[in-house]
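The residues making up each chain are set out below.
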Amino acid sequence: MATATNRVLRVAIRGDSILTHPRFNKGTAFTHSERKAFGLNGRLPYRVNTLQEQCERAYDQLSTRGEPIRKNTFMQSLKDQNWVLYYGLLSRHVKELIPIIYTPTQGDAIANYSHLFRRSEGLYLSFPEQDAMEEDFLDMTRGRDIQLFVVTDSEAILGIGDQGVGGIGIATAKSAIYTLLGGMDPSKTLPVVLDVGTDNKRLLDDELYVGWPNKRVRGKAYDRFVDKFVQLVRKHYPHSLLHFEDFGVGNAQRLLDIYRNKHAVFNDDVQGTGAVTLAAMMSAVGVTKSKLSEQRYVVYGAGTAGLGITKQLRDGIMAIDKLSREAANARFFLLDRHGLVKQSLGPAKIRDALAEFVRPDDEWAGVPTNADGEVGLLDVVRHVKPTVLIGCSTHAGAFTEDVVRAMAEGTERPIIFPLSNPSRLVEVEPELANSWTNGKALMATGSPFPPCKMPNGKYYDIAECNNALIYPGLGYGAMITQARTLSDTMIIAGARRLAALSPALADPDSALLPDFSDARQVNTEVAIAVAEQAIAEGSATVDWDREEVRDRIAEKQWIPEYPDFIYDPVHGEGST
């Protein structure tokens, strides 16, 4: 629809067809001349509303819904009717409504997807219909300039696990964030769910479940199915960005490693979570006047997100502080369900992906263990005296008072990031961590939390370490330059730009990351940094240079405003 340089659109459909098409529908905002041209005079009440008036009406309607899930379904219905109004309303209430359309409320909507289902959205590719995959793919994409695919297999959704076909909800939410905060044209995005079955017994036993009611496919058959989809993207949309979302711990990093050098691919759980955490960490060490390489990091939860954060921080240490890979790895202490990842756990308890971060046993002589020889979090904290404690475990309350106080004894400004989502699964409530450290903790969380009162009476704003502060910009920067890959150096460039925008650098008592209400402007800056890096390192395939990046992005970003319509049944958009 509208961009800064394109405010007129030729449209081929009219009458009921245009009123029921969310891309083109303006509702009561159609002008009188447009109503005449498009056959709408008798289909709409007389008065022409502005977008602002429509947003006020929609917000009043939204406000009558009390529970977050009811607000979520209202917003979904609005998106099905009118894209500009949907994004216009979101842009006016970003901080309030992001938690409604994204984490944490979208997790509840996904968990109840089959019972809330009203209409399809996106592309559903089901394992038993794989022989028709290319036909189905082309039926959905033919004639469209798709620049972004967001794909999930739904195995690890938002901390609530395997959600089967309902995972399409996270793909649609992520796509919406790309548009809202990154400026991606919604008509050029496509959410995709790879329905390979589910191991969620609740779904398999549910007669209303709308997905393929079968145990989850794994192994070579799974790999072939995923590869078939990826090759279709590469064949038909070679310059698109392919975003992997909420794949399980056994597949997320593995699939990223397989495809990252073949196409511009991105895994938000591995790279996005890591990138926004790196930015928050750079801000924190800026407050403490120290370096990334000088920290001792304890990471509680070594799954997809925890390992992704660890690797991104490690890569940041290497790139910024110039440590070797081995020396940077040595700064990290990872714990999973078997406690500290150390040699004596053996291969049966240590995933191959964790090999670089296995601690030698001789470091732990005399440290208490349980009957299985496992070292728990409190004993790790007492022994390591970490400066940084990161939680990605979904183990609510894991950072106990003993753990936090033990950490605070070993460092002047503890850096505590309980990042698990949703908020009910957070490792420690920020208010408690603030109290147990006498207001000295520097904190960021994965979900929004209210400010904490400090001993001096001031309030400390808790940074929301939300991927949405960075991944739309990372993706847009790669997309607009048609980058061959989304490299580690491009991601670090984006993280450094985000960190440079931290309010805490001007006031140590302020949040470590920008306020979410500024997320659109923040992501634009991230996109500029990523695009500049793509051009500098030769990954970009466009024929313009770094000095043009800011202007090119400003010209191309989609904005939620109504363009003027001209009826053109021959050459207009929207015809089949």
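Our subject is the structure that appears above.
Within each chain, residue numbers correspond to sequence positions counted from 1 in written order. Only residues with pLDDT of at least 70 are given local features in this predicted model, and only at 80 or more are side-chain atom pairs given and counted; all residues enter the totals for whole chains, interfaces and linings. Side-chain metrics in this entry use all non-hydrogen atoms of the structure; hydrogen atoms and water are not considered.

Student: Can you break down helix 10 (residues 168–182) residue by residue, with the values?
Tutor: Spanning 15 residues, helix 10 covers 20 Å between terminal C-alpha atoms, matching the ideal 21 Å at 1.5 Å per step. Counting buried residues in helix 10 gives 15 out of 15 residues, a clear majority hidden from the surface. In DSSP terms, a helix is any run of H or I states spanning at least four residues, a strand is any run of E spanning at least two, and both are numbered starting from the N terminus. In a helix, the anticipated span is given by 1.5 Å times the number of residues less one. Only protein chains enter the accessibility calculation, which uses a 1.4 Å probe. A residue is then buried if its area is under 20% of the maximum for its type, exposed if over 50%, and partly exposed in between.

Student: How would you explain the nonpolar core if you had to name every residue and give the values?
Tutor: Residues belong to a common nonpolar core when they are buried Ala, Val, Leu, Ile, Met, Phe, Trp, Tyr or Cys residues joined through side-chain atoms within 4.5 Å. Core analysis: the biggest nonpolar cluster contains 140 residues, and Met75 and Ile390 have the highest contact counts within it. At ten residues, the largest contribution of residues to this core is made by helix 14 (residues 268–287). Whether two residues are in contact is decided by their heavy atoms, any of which lying within 4.5 Å being enough. In contact with Met75, not counting residues within four places along its chain, are Leu62, Tyr86, Leu89, Leu90, Leu97, Ile100 and Ile101. One finds Phe137, Phe149, Val217 and Leu242 within the second-largest nonpolar core, a separate group that totals 30 residues.

Student: I'd like a rundown of empty space enclosed by the protein, residues and numbers included.
Tutor: Within this scheme a cavity is a closed region of a 1 Å grid, computed over the protein atoms alone, that accommodates a 1.4 Å probe without allowing it to escape, whereas a pocket is open but has protein on both sides within 12 Å along at least five of seven lines; lining residues each have an atom within 4 Å of a point. Grid points are joined across faces, edges and corners, and a volume is the space filled by probe spheres set on the points. The tally for this structure, following the rule as stated, stands at two cavities of 30 Å³ or more. Looking at the largest cavity, its volume works out to about 90 Å³. Together, Asn72, Met75, Gln76, Lys79, Tyr86, Ile101, Gln106, Gly169, Thr172, Ala173 and Ala176 line the largest cavity. Elements with a minimum of two residues in the lining of the largest cavity: helix 4 (68–81) and helix 10. Here the lining of the largest cavity is composed, by residue class, of five nonpolar, five polar and one charged. Contributing to the lining of the second largest cavity are Ile110, Ala111, Asn112, Tyr113, Ser114, His115, Gln163, Gly166, Arg202, Leu203, Asp206 and Tyr209. Listing elements by their share of the lining of the second largest cavity, those giving two or more residues are helix 7 (105–111), helix 8 (113–116) and helix 11 (201–204). It is helix 8 that provides the largest number of residues to the lining of the second largest cavity, a total of three residues. Among the residues making up the lining of the second largest cavity, the classes are represented as five nonpolar, five polar and two charged. Residue polarity is assigned by list, with Asp, Glu, Lys and Arg as charged and Ala, Val, Leu, Ile, Met, Phe, Trp, Tyr, Cys and Pro as nonpolar; anything else, Gly included, falls into the polar class.

Student: How would you sum up the sheet that holds strand 6 (residues 265–267)? Please name residues and give values.
Tutor: Here five strands make up an open sheet; going across it, the order is 2-4-3-5-6 and the pairing parallel. Two strands close off the open sheet at either side, each with one partner strand: strand 2 (123–126) and strand 6. Adjacent strand axes in the sheet meet at a mean angle of 20° when their direction is disregarded. Pairing analysis gives five bridges linking strand 3 (residues 148–152) to strand 5 (residues 241–245), with the strands arranged parallel. Paired with Thr152 across the bridge in strand 5 is Glu245. The rule for pairing is simple: two strands pair if DSSP sees at least two bridges between them. Convention adopted: a line fitted to C-alpha atoms gives each axis, helices being fitted over their contacting stretch, and angles between N-to-C directions are expressed from 0 to 180 degrees.

Student: Describe the layout of surface pockets, and please don't skip the residues or the numbers.
Tutor: Within this model, the second largest pocket holds a volume of roughly 1,100 Å³. In terms of residue count, the dominant contributor to the lining of the second largest pocket is helix 14 (five residues). Partitioned by chemical class, the residues of the lining of the second largest pocket number 18 nonpolar, 18 polar and ten charged.

Student: Give me the pairing of strand 8 (residues 332–336): which residues, what numbers.
Tutor: The two faces of the sheet receive side chains in turn, since in a regular strand these alternate between them. Of all the five residues making up strand 8, five are buried; the element is thus mostly covered by neighbouring parts of the structure. Burial along strand 8 is two-sided: Phe332, Leu334 and Asp336 facing one way and Phe333 and Leu335 facing the other are all buried. In terms of strand pairing, strand 7 (residues 297–300) meets strand 8 through four bridges, oriented parallel. For Val298, the partnering residue across the bridge sits in strand 8 and is Phe333. Note that strand 8 and strand 9 (residues 339–340) share two bridges and pair antiparallel. Opposite Leu335, over in strand 9, you have Leu340 as the bridge partner. Hairpin connection between strand 8 and strand 9: a loop of two residues separates the two successive antiparallel strands.

Student: Explain the packing of helix 10 against helix 22 (residues 519–537) to me, and be specific about the residues and the numbers.
Tutor: When two helices pack together, their arrangement is captured by the angle between the axes and the distance separating the axes. Where helix 10 meets helix 22, the axes come as close as 8 Å, and the angle between the chain directions of the two elements is 90°. Here helix 10 lies roughly perpendicular to helix 22, going by the angle between them. The residues of helix 22 that touch helix 10, namely those facing Thr179, Leu180 and Leu181, are Ala519, Arg520 and Asn523. We call two directions roughly parallel when the angle between them is under 35 degrees, roughly antiparallel when it is over 145, roughly perpendicular when it lies between 65 and 115, and oblique otherwise.

Student: Describe the side chain of Lys174, listing the residues and the values that go with them.
Tutor: If you trace the backbone, Lys174 turns up in helix 10. A relative accessible area of 2% means that Lys174 is categorised as buried. Setting aside its immediate chain neighbours within four residues, Lys174 contacts Tyr102, Val150, His243, Glu245, Asp268, Asn467 and Tyr471.

Student: Any details on the pattern of salt bridges? Residues and values, ideally.
Tutor: Think of a salt bridge as a Lys or Arg side-chain nitrogen and an Asp or Glu carboxyl oxygen that are within 4 Å of each other. Counted by the stated rule, this structure contains 34 salt bridges. Among the ionic pairs, Arg314 bridges to Asp315, the shortest N-O distance being 2.8 Å. Like Asp315, Arg314 is buried. Salt bridges here are not isolated pairs; linked through shared partners, they connect Glu155, Asp199, Lys215 and Arg218.

Student: Please set out the packing of aromatic side chains residue by residue, giving values where relevant.
Tutor: Describing an aromatic ring pair means giving the distance of the ring centres and the angle of the ring planes. Ring geometry is summarised as follows: Phe, Tyr and Trp rings, the Trp one being its six-membered ring, pair when their centres sit within 6.5 Å, and such pairs are stacked at plane angles under 30 degrees, edge-to-face over 60 and tilted between the two. Counting across every chain of the model gives 21 aromatic pairs. Judged by centre distance (5.4 Å) and plane angle (75°), the ring pair of Phe38 and Tyr567 falls under edge-to-face. Pair noted here: Phe38 is in the loop between helix 2 (32–37) and helix 3 (51–63) and Tyr567 is in strand 16 (residues 564–567), with a separation of 529 residues, a long-range link. Of the residues examined, Phe38 reaches a relative accessible area of 0% and is grouped as buried. Taken together, a centroid distance of 6.4 Å and an interplanar angle of 20° make the contact between Phe244 and Tyr259 stacked. A residue pair is termed long-range when its members are at least 10 positions apart, and Phe244 in strand 5 and Tyr259 in helix 13 (residues 252–259) qualify at 15 residues.

Student: I'd like a rundown of unusual backbone geometry, residues and numbers included.
Tutor: Of note, the bond from Thr103 into Pro104 is cis; its omega dihedral lies within 30 degrees of zero at 10°. With respect to the helices, strands and loops of the structure, Pro104 is situated in the loop between helix 6 (94–101) and helix 7. One non-glycine residue, Thr394, lies in the positive phi region at around 55°.

Student: So, the side chain of Asn72: which residues are in play, and what are the values?
Tutor: Tracing the sequence through the fold places Asn72 in helix 4. Sequence-distant contacts of Asn72, defined by excluding residues within four places in its chain, comprise Ile100, Ile101, Thr105, Gln106 and Ala109.

Nothing here speaks to function; it is geometry throughout.
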